[in-house]
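A look at the structure
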Amino acid sequence: CKGVKQMYYPIKVAGLERNLPMCPLNDELMIAGFVIFGDPELTTACAKELLEKAPEYDYIITAEAKGIPLAHEMSRQSGKKYFVARKKPKLYMTGVFDVIVNSITTEGEQHLYLDTAEAEMMKGKKVIIVDDVISTGESLASIRDLLKKAGGIEAASCAVLAEGDAADRTDIIFLEKLPLFFK
C-alpha cells in the first residue's frame with residue numbers, strides 16, 4: 001500500500017479482530033488488504049468455520065498462492081487432500097493443462113496449471129474450491145473451469161471474505177463481507 005498514509009479497516013472474522021491495511025487499486029478505488037499468510041491463529045479459526053459450513057466433499061483445490069495456507073489448514077483439520085492450481089508448470093508434473101485467469105490484485109493475464117495426475121484423482125469426485133477473498137469472481141471462475149476440465153464436481157466454493165458485490169452471491173460460502181472503498 002505504497003504512497004498512502006496508512007489507514008486500516010477493522011474486521012472481525014472467525015471470532016478474531018484484525019486491522020486490514022487500506023490499499024489503493026486506482027484513483028477511484030481502495031481495498032482492504034486481507035493477507036492470511038503468517039497468521040496461524042486466523043488461518044486455523046477460518047478453516048474451522050469454513051469446514052463447519054462446507055458440504056460433503058472428497059478434495060480441496062485452491063489457486064496459488066494466497067489460498068494455500070487456508071487450504072492446507074482445512075486439509076489438516078479434515079484429513080482430506082488438497083491440490084494447488086499453479087501459476088507456472090512445475091518439473092514434477094506428469095503433464096499439465098491450464099486455464100486463463102484475470103485477477104484485480106494481479107496485473108495482466110495469468111494462467112493456472114494443474115498436473116494431469118492430480119486431475120485424474122479429482123475426476124468424478126466432489127471438490128471444494130477455497131480462496132482467501134472472492135471479489136470479482138474472475139479467479140473463482142478460472143478454478144471452476146480448471147476443475148470442470150479435470151472432470152471434478154464442484155461441491156462448494158468457499159472463501160474467508162466476500163468483497164464488494166461478491167457478498168450478494170448465493171453460489172459461494174463465506175465468513176464475512178468486505179466492502180470496497182470508493183474515493
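First, a word on what this report is: a plain description of the structure on this page. (Residues numbered from 1 in each chain as written. Predicted model: local features only at pLDDT ≥ 70, side-chain atom pairs only at ≥ 80, totals over all residues. Heavy atoms only, no water.)

1. Topic: the packing of aromatic side chains
According to the stated counting rule, one finds two aromatic pairs in the structure shown. For the pair Tyr-59 and Phe-83, a centre-to-centre distance of 5.1 Å together with 65 degrees between the ring planes defines the contact as edge-to-face. One end of the pair, Tyr-59, is in strand E4 (residues 59-63); the other, Phe-83, is in strand E5 (residues 82-85), and 24 residues separate them in sequence. Each member of the pair, Tyr-59 as well as Phe-83, carries the same accessibility label: buried. Its guanidinium or amino end placed over the ring of Tyr-57, Lys-80 lies 4.6 Å from that ring's centre, counting from NZ or CZ. (Phe/Tyr/Trp six-rings, centres within 6.5 Å; stacked < 30°, edge-to-face > 60°. Helix = DSSP H or I, 4+ residues; strand = E, 2+ residues; numbered from the N terminus. Buried < 20%, exposed > 50% of the residue type's maximum accessible area, 1.4 Å probe, protein only. Lys NZ or Arg CZ within 6 Å of the ring centre and 35° of its normal.)

2. Structural notes on the environment of Arg-86
When you line up the elements, Arg-86 lands in the loop between E5 and strand E6 (96-101). Judged by relative accessible area, which is 17%, Arg-86 ranks as buried. Along the chain, Arg-86 and Met-74 lie 12 residues apart, while their C-alpha atoms are 19 Å from each other. If we skip the residues at most four places from it in the chain, Arg-86 touches Glu-64, Tyr-92, Met-93, His-111, Leu-112 and Tyr-113. (Contact = heavy atoms within 4.5 Å.)

3. Re the sheet that holds strand E2 (residues 16-24)
In spatial order, the strands read E1-E2-E3-E11; together these four strands make up an open sheet with antiparallel pairing. Strands with a single pairing partner mark the edges of an open sheet, and in this sheet they are strand E1 (8-13) and strand E11 (181-182). Here strand E3 (residues 29-32) pairs with E11 via two bridges, running antiparallel. Opposite Met-30, over in E11, you have Phe-181 as the bridge partner. Running over the sheet, helix H1 (residues 40-53) touches E1 and E2 and is turned about 105 degrees from E2. (Pairing = 2+ DSSP bridges. Axes fitted to C-alpha atoms, helices over the stretch in contact; angles between N-to-C directions.)

Fair warning: the whole summary comes from geometry, so function is off the table for now.
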